[in-house]
Amino acid sequence: MTELTLAQRLGGVQDRIRSAATKAHRDLAEIQLVIVTKNHSADLPIELLELGESNFGENRDQEASAKALIVSENKPGLATWHFVGQLQSNKVRSMLEYSSVLHSLDRASLLKELNKQLAKDSAARLQAFIELNLTEDPNRGGLDPNDLKSFAELVLSNPQIQLLGVMGVVGLGVEPDVDFERIAIASQALREIAPEAKFISAGMSGDFEEAIGFGATHLRIGTAITGNR
Ligand SMILES: *Cc1c(COP(=O)(O)O)cnc(C)c1O
C-alpha cells in the first residue's frame, strides 16, 4: 500500500468539506480551514503554503514560536497562525508576536494578561474565540457555558480584541452532535449581545463533517491532512 502524499490528503479533506457543506446547504466560502501543524517541523507549513494553504494552528507556544520564525524566513508574510491550545498567562507575550487568532480564550486571568500586553502597543490587534468547556471536568480548558455572556462583555470592552465567536472541543466518549449542538446554542446566545461574534471554531479530523452540519466556520484539522507523527 502506498502512502498518500500531503497534497492528496489535503485534497481529500477539501472534497469532504465541500460535500458536507453542500449537504448542510452552506456556502463553502464561509468555512475556513485551519490546518493544525503541531508535532511537525516547519517543513510542513512551508509545503502547505506552496499548496495554497495559509492558516495554521498550533497548541504549544515554544514549538509554535520557533516554527513561525522559520516559516516567516522562508515565506515572509504568508502564514496566519492560530493558537488553539491552553495558553499559560506567561506565554501571552510570546504568542502575540506571531499569532493573530487565539481560539482558546477561556478565563479572566488570561484576558487580564492579554489586556496588559496589548496595551503596550496601541496598534496591536488580536482576534479571539472564547473556548467553552463542554465537559463536567473543570480542569479541562474552557469557560463554563453559563458564564459566556458575562465573560464576553469583558472581552468586548477591549477594542484591541476582536471577538470572533465561540470555540469547542467535543468531549471524549460523547456523541459529537450533542456537543456541537451545545456550541451552536452558545453561539446564538453570544450573538444576542455581539452580533458580529458569529463564528464557530469546531470540528477536528474525526468529526469535521458533523461540525459543518452544526454551523462550524473554522475547522481545526490536523492528522487527517498532516498524517500521524
Ligand atoms: C490537535 C488539535 C486539533 C487537531 O486535531 P486532529 O484530531 O489531529 O485533527 C484541533 N484542535 C485542537 C485544540 C488541538 O489541540
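Residues numbered from 1 in each chain as written. Predicted model: local features only at pLDDT ≥ 70, side-chain atom pairs only at ≥ 80, totals over all residues. Heavy atoms only, no water.

Caption draft 1: Layout of helix α1 (residues 6–23). End to end, α1 covers 26 Å across 18 residues, agreeing with the expected 26 Å (1.5 Å per residue, within 8%). Those residues of α1 lying buried are Leu-6, Arg-9, Leu-10, Val-13, Ile-17, Ala-20 and Ala-21. Along the axis of α1, the buried positions cluster into a sector of 110°, meaning they face one direction only. When the buried face of α1 is taken as reference, the exposed residues oriented beyond 90 degrees from it are Thr-22 and Lys-23. The secondary structure elements touched by the buried residues of α1 are β1 (32–36), α2 (43–50), α8 (208–213), β8 (218–221) and α9 (223–226). The first or second residue beyond α1 is His-25, which carries a positive phi of 55°. (Helix = DSSP H or I, 4+ residues; strand = E, 2+ residues; numbered from the N terminus. Expected span 1.5 Å × (residues − 1). Buried < 20%, exposed > 50% of the residue type's maximum accessible area, 1.4 Å probe, protein only. Arc of directions from axis to C-beta. Contact = heavy atoms within 4.5 Å.)

Caption draft 2: Layout of the site of the ligand. Around the ligand, a shell composed of Val-36, Lys-38, Asn-59, Val-84, Met-204, Ser-205, Arg-220, Ile-221, Gly-222 and Thr-223 is seen. Between the ligand and Ser-205, the relevant distance is 2.5 Å, taken from an oxygen atom to a side-chain nitrogen or oxygen of the residue. A distance of 2.9 Å is found between an oxygen atom of the ligand and a backbone nitrogen or oxygen belonging to Thr-223. For the ligand, whose accessible area on its own is 390 Å², the fraction buried by protein is 83%. Residue composition of the shell around the ligand, by class: 4 nonpolar, 4 polar and 2 charged. (Near = heavy atom within 4 Å. Polar contact = N/O pair within 3.5 Å; in protein donor to acceptor, adjacent residues only side chain to side chain. Areas by Shrake-Rupley, 256 points an atom, 1.4 Å probe, with all protein chains shown as cover. Nonpolar A, V, L, I, M, F, W, Y, C, P; charged D, E, K, R; others polar.)

Caption draft 3: Inspection of the pairing of strand β3 (residues 80–83) at higher detail. Sheet topology places strand β2 (residues 55–58) next to β3; 4 bridges connect them, and they run parallel. Within β3, the residue paired with Asn-55 across the bridge is Thr-80. In terms of handedness, the path from β2 via helix α3 (residues 61–74) over to β3 forms a crossover that is right-handed. Strand direction decides the pairing type here: β3 and strand β4 (residues 99–105), joined by 3 bridges, are parallel. From the neighbouring strand, Trp-81 faces β4, where its bridge partner is Ser-99. (Pairing = 2+ DSSP bridges. Right-handed = clockwise from strand over helix to strand, strands pointing away.)

Caption draft 4: Structural context of the nonpolar core. Counting 60 residues, the largest nonpolar core has Ile-17, Leu-102, Leu-105, Leu-114 and Ile-225 as its most contacted members. Here this core takes 6 residues from α1, the largest share from any one element. The residues contacting Ile-17, other than those within four sequence positions of it, are Leu-28, Ile-31, Leu-33, Phe-208, Ile-212, Leu-219 and Ile-221. (Core = buried A, V, L, I, M, F, W, Y, C linked by side-chain atoms within 4.5 Å.)

Caption draft 5: Quick look at the pairing of strand β6 (residues 161–168). Counting buried positions along β6 yields 7 of 8 residues, so the element is predominantly enclosed. Each parallel crossover has a hand, and the one from strand β5 (residues 126–132) via helix α6 (residues 148–156) to β6 is right-handed. Here 3 bridges tie β6 to strand β7 (residues 199–201), and the two strands are oriented parallel to one another. Residue pairing across strands places Val-166 opposite Ile-200, the latter belonging to β7. For the segment spanning β6, helix α7 (residues 176–193) and β7, crossover handedness is right-handed.

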